[in-house]
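Notes for the structure review
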Amino acid sequence: MQVARTPRKRNHRLAGAAATVLIGLTSLTAVAAPASAAPPGSQDSPACSSSSTRLEAGTAQAPQNLCVPAAATDDTSTLLVWNKPDVYGDVVDYRVYQNGAPIGTAEENARQFSPAQEYVDAFRARDTDGFHAKTVAHNFTVTGLSPRTKHTFSVTGIRADGSETPASDTITVTTTPKRHTNVVTAPAYKAKGDGTTLDTAAIQKAIDTCRTPGCTVVVPKGTFRTGALFLHSNMTLELQEGARLLGSDRPEDYPLEKGYYLYPVPEPLPAEAEYRNYLRPPSLLNVLPEDSGRSKEGREPGAVASNVRITGKGVVDGNGWKRTSTGTVTDEAGNELPQYVASSAGKVLDDGLLAANQFRNAKANPDALTGIVNRPDTFEDSVLYGQYRSSLMTFMGVENLYLEGVTADNPAFHGVMILDSENTTVNGMRHTTYDTNNGDGLEFGGTSNGIVLNNFFDTGDDQVNFAAGQGKYGAQGRPSEDVWIFNNYMRMGHGGIAVGSNTAAWVQRVLAEDNVMYKVETGGLRMKSTSDMAGGGRNFLFRDTAMACMGSSAFIMTLSYNQSPSGYVAADSATFQDVAVRNVSVDGNNSPSCGMAVSDSKPVIDIQAGPALGEGTATLSNFTFQDVVFRNVNPANIKGLTNSVFDGVTFQSVRNNANPWRFDRYSTGNSFTDVSPAPAALPAG
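Summarised in this report is the structure supplied together with it. Note that the structure is predicted; figures quoted are calculated from it, not measured.

Counting secondary structure elements, the chain contains 7 helices and 49 strands. At 24 Å, the chain has a C-alpha radius of gyration in line with the 26 Å of a compact globule built from 685 residues. Dimensions of the chain, computed from the C-alpha atoms along their principal axes, are close to 75 × 70 × 50 Å. Residues counted as buried form 63% of the 685 residues belonging to the chain. Taking the contacts inside the chain whose residues are at least 6 apart along the sequence as the reference set, 76% of them involve residues at least 24 apart.

Printed below as a string of structure tokens:
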């Protein structure tokens with residue numbers, strides 16, 4: 001092993017690397033060349049696919065893989081996303097061309113369409129000494145189009161000197177016909193929107209009768225109190241500005257028989273006594289199989305629905321928890337954000353709304369908890385709390401899911417859950433769930449080809465989380481794979497990009513780039529599992545990301561996660577491997593410079609794996625930390641990391657002037673080049 005002693009200035013080496021990518025979003029408003037009417041039988045360019053997420057090293061100067069996400073085009077708009085050039089170190093923006101004429105730049109477009117951008121701009125303004133990695137928007141929202149018209153698009157990169165890169169390939173996009181609309185307050189449906197009347201039946205009727213392909217159900221301004229709603233194929237739910245779907249706080253409005261199994265039930269049924277599977281209540285918005293997701297075949301992508309869209313500037317409010325005594329907080333961009341009471345199973349009856357009522361109902365009526373596979377004799381409060389609260393949205397078995405613009409607020413359980421689906425995009429949403437217990441922003445479970453862009457996250461749990469089944473039987477399920485996460489702003493919450501703890505079928509090929517993370521509490525990149533979960537995470541590229549004022553560690557990779565009892569059958573150890581972190585800046589973890597209480601117990605890189613954790617616990621391998629800079633941080637604490645590379649890693653300042661490197665004796669085969677300061681001593685390897 002060699003340890004280079006000469007520090008090197010961070011050089012932003014931004015070469016392509018083997019990883020996974022998906023597609024993003026875009027916007028445009030400008031005068032372009034005239035569109036042409038779509039001729040009969042004309043073909044659009046293919047929608048974004050997993051090929052956009054699997055990057056290979058190269059030397060291309062032009063933007064790559066320009067495409068439109070599935071279901072992102074309607075009668076007046078579309079969304080463009082693209083991969084950065086292979087060589088992009090001097091690219092500061094992108095210019096979009098429509099029908100051969102320039103219509104705007106990605107950064108300008110983001111300021112108009114992305115709720116994340118004002119926070120990104122404020123973050124940049126505070127970076128007065130240029131410490132942080134620079135993020136660049138690489139998506140564009142095109143508006144002002146006419147129905148049934150064909151357009152061509154291409155993109156160039158704009159360099160710092162004002163010159164442009166070669167253009168991307170040109171793609172063709174045709175807008176849809178004008179959509180039929182069902183307005184929920186129309187006489188045929190009679191939703192009131194007064195905040196008091198239960199409008200479930202009226203809204204569901206508008207959904208059920210919206211059967212013309214591309215039909216749109218419109219929820220106008222007003223507060224529409226409702227229980228669980230169920231969407232179907234080839235429809236859009238549009239929440240107009242000022243519209244609020246307010247979840248009922250009555251458990252009976254989320255009937256258990258219409259709920260879902262988080263994971264399919266194996267056939268034949270497992271013989272192990274510890275195996276259990278619970279039927280959960282439905283969420284506020286749902287796409288679910290008729291068999292509640294019990295069979296693996298019934299929840300395959302497209303088996304339940306295809307081409308489902310939710311759009312608009314309205315709010316989906318789960319009515320899950322009470323607010324804090326102050327109710328709101330003013331954030332770093334000067335906006336007010338809701339603040340919900342931080343709670344738990346022991347406090348839910350005091351702090352919850354729907355969460356309290358569902359827990360109370362489950363505890364009082366255990367005989368009504370039907371659908372349990374291998375039913376226990378008694379129910380612990382932790383089980384009732386963990387299985388019988390409604391999430392905000394659950395989509396299962398969907399092919400082509402597009403969510404844009406809406407605010408996800410105050411779930412009783414999780415936020416947006418996307419399970420066993422394919423070709424999904426979450427664009428420009430606001431996730432305001434802080435500090436609701438288990439209030440993740442997004443959860444991908446067994447889902448492939450996902451895009452997450454332009455979102456603002458202020459969450460009570462992980463911002464974007466990946467799951468892939470539990471233990472022996474979970475390993476038979478679908479992996480979560482090929483997801484692209486970019487141009488988002490992530491604040492508070494637990495992990496920014498989080499994996500696990502359910503990892504049995506693997507989480508793999510994920511590209512996270514050009515995101516900003518501020519005051520994230522438990523890891524900007526958080527990978528967590530156990531020594532008996534199986535699978536793990538692999539082939540991650542986490543790059544071009546700025547992190548500041550982290551509440552604990554910036555990077556967490558652990559196999560000692562404290563897993564709540566959930567009825568899985570133990571398997572082999574999980575592991576994490578082939579993870580690259582490139583061109584990332586971290587300013588502060590538990591730092592007084594951020595107004596935080598000082599804690600020396602949270603290492604800035606916290607890796608917990610290998611035999612030091614117990615017999616049978618796997619080590620982690622093939623990590624790369626390249627061109628990563630830290631200041632105002634605690635030392636790293638690394639256990640069980642092998643055959644990994646640290647290249648161009650700089651610690652500008654470490655609390656108490658400590659050496660930042662701490663490795664256990666099982667961390668072997670690692671190399672260090674141009675790191676500053678150098679490790680004082682390393683295990684033999």
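One open sheet accounts for 11 strands, arranged E14-E19-E24-E27-E30-E33-E36-E39-E41-E43-E45; its pairing is parallel. Of all strands in the sheet, those with a lone pairing partner are strand E14 (229–230) and strand E45 (637–639), marking the two edges. As paired strands, strand E24 (residues 393–396) and strand E27 (residues 416–419) are joined by 4 bridges and run parallel to one another. From the neighbouring strand, Thr-394 faces E27, where its bridge partner is Met-417.

In this section: the environment of Trp-484. As for its placement among the helices and strands, Trp-484 is situated in strand E34 (residues 480–486). On a C-alpha basis, the gap between Trp-484 and Val-510 in space is 6.1 Å, while along the polypeptide they are 26 residues apart.

Below, the discussion takes up the pairing of strand E42 (residues 575–589). The buried fraction of E42 amounts to 13 of the 15 residues, a majority that puts the element mostly inside the structure. Examined bridge by bridge, strand E40 (residues 536–550) and E42 share 12 bridges and lie parallel to one another. What sits directly across from Met-547, in E42, is Val-586. Looking at chain direction, E42 and strand E44 (residues 620–631) are connected through 9 bridges and run parallel. Its bridge partner being in E44, Val-579 is matched across the sheet by Phe-623.

Tallied over the full model, the rule gives 2 disulfides. Across the disulfide from Cys-48 sits Cys-67; the S-S distance is 2.0 Å. In this structure, the disulfide formed by Cys-48 and Cys-67 twists by about 105 degrees around the S-S bond and is classed as right-handed. Here Cys-48 is found in the loop between strand E2 (36–37) and strand E3 (64–67), whereas its partner Cys-67 is found in strand E3, with 19 residues between them in sequence. You'll find Cys-48 and Cys-67 in the same group, each marked buried.

Moving on: the packing of helix H1 (residues 106–113) against helix H2 (residues 117–126). Running from N to C, H1 and H2 point in directions that differ by 120 degrees, and their axes come no closer than 8 Å. By the angle class used here, H1 and H2 are oblique. Every residue of H2 that contacts H1 at Glu-107, Ala-110 and Arg-111 is listed here: Gln-117, Asp-121 and Arg-124. The residue inventory of the contact of H1 with H2, partitioned by class, reads 1 nonpolar, 1 polar and 4 charged.

Calculation notes
Residues numbered from 1 in each chain as written. Predicted model: local features only at pLDDT ≥ 70, side-chain atom pairs only at ≥ 80, totals over all residues. Heavy atoms only, no water. Helix = DSSP H or I, 4+ residues; strand = E, 2+ residues; numbered from the N terminus. Rg over C-alpha atoms; globule rule 2.2 N^0.38 Å. Buried < 20%, exposed > 50% of the residue type's maximum accessible area, 1.4 Å probe, protein only. Contact = heavy atoms within 4.5 Å. Pairing = 2+ DSSP bridges. Disulfide = S-S within 2.5 Å. Axes fitted to C-alpha atoms, helices over the stretch in contact; angles between N-to-C directions. Parallel < 35°, antiparallel > 145°, perpendicular 65-115°, else oblique. Nonpolar A, V, L, I, M, F, W, Y, C, P; charged D, E, K, R; others polar.

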